[in-house]
Structure formats: structure tokens, C-alpha cells
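# Understanding the architecture of this molecule
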Amino acid sequence: MIESTESVRVQGEAMYFEKILLPEGAQLRLQVLDNQLADTPQAVLAEQVTTVGQGPYEFAIDVPRARLRDNGQYGLHASVSMPDGSLRFVTETRVPVNIAADTVDVHVGRIRLTHVQP
């Protein structure tokens, strides 16, 4: 593990191409995941849920540096859910996040959210 009390900020913009108006109360969920821990609960290094309006959605999520490992492999997962909790948009795969020992900010650019049929 990398020893520090600092965090690494992962920034970008999540967007979808469909012309769908989301109702008030829709939520964007972001997770930075440790790919080496696969689909275990420990894989989630940082999570953020915010209420959103119409996209695109700029985001910034802080990952505690103490949770990172030397030569770790990380990914970002994003989803948008309706007020009732049903999933509406999601990243098809984890977006690669490259975090080196001296990284302070990571810009992943625009990430595409794909429509999920209700």
C-alpha cells in the first residue's frame, strides 16, 4: 500500500446520447474500483451518489491514497438510476483509471453511459 493521508481526485464527464428527460430525483452513482479485488465489497475504494438533472454530468470523486496499492489496477463505474432506484444508464465496462504513486488528479475525459431498457 502507498502510505499517505492524501487523496487522488478522479474527474471527468458522464454522458448519454439518448434524448431522454430524467425526472427530478434521478441519481448518478460513481465508484472507483480495485480491479484486482474483482466483484467483492472490498473492491469499492470510493463511492459518490449525487442527485442530477439533465446530462452531461461533470464529476470529481476523491479516492483515499491509503486504499491504493503499488502497481494497482483501477476502474471507474458510473450509473444513473431513477428516483425509484431502477437503473436507466450505465457504463458497459469499467473505465480504466491510471493512478501512479505521485498522481494527484486523474482526468478520464468523457465516459459514455449506455441506456438500460426498463
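Analysis parameters
Residues numbered from 1 in each chain as written. Predicted model: local features only at pLDDT ≥ 70, side-chain atom pairs only at ≥ 80, totals over all residues. Heavy atoms only, no water. Helix = DSSP H or I, 4+ residues; strand = E, 2+ residues; numbered from the N terminus. Polar contact = N/O pair within 3.5 Å; in protein donor to acceptor, adjacent residues only side chain to side chain. Contact = heavy atoms within 4.5 Å. Phe/Tyr/Trp six-rings, centres within 6.5 Å; stacked < 30°, edge-to-face > 60°. Buried < 20%, exposed > 50% of the residue type's maximum accessible area, 1.4 Å probe, protein only.

## Comments concerning the side chain of Glu13
Looking at where Glu13 falls in the secondary structure, it is placed in strand β1 (residues 7–15). A polar contact is formed between the side chain of Glu13 and the side chain of Arg110, at a distance of 2.6 Å. In contact with Glu13, other than residues within four places in its own chain, are Pro56, Tyr57, Glu58, Phe59, Gly109, Arg110 and Ile111.

## What to know about the packing of aromatic side chains
Tallying each qualifying case throughout the model produces 2 aromatic pairs. Judged by centre distance (6.4 Å) and plane angle (45°), the rings of Tyr16 and Tyr57 are tilted. With Tyr16 in the loop between β1 and β2 (27–34) and Tyr57 in strand β4 (residues 57–64), this pair connects stretches of sequence that are 41 residues apart. Each member of the pair, Tyr16 together with Tyr57, is buried. Ring geometry for Tyr16 against Phe89: centres 3.9 Å apart, planes inclined by 15°, an arrangement best described as stacked. Taken together, the residues Tyr16 in the loop between β1 and β2 and Phe89 in strand β6 (residues 87–90) connect sequence positions 73 residues apart. The pair formed by Tyr16 and Phe89 is uniform in burial state, with each residue classed as buried.

In short, shape yes, function no, at least from these values alone.
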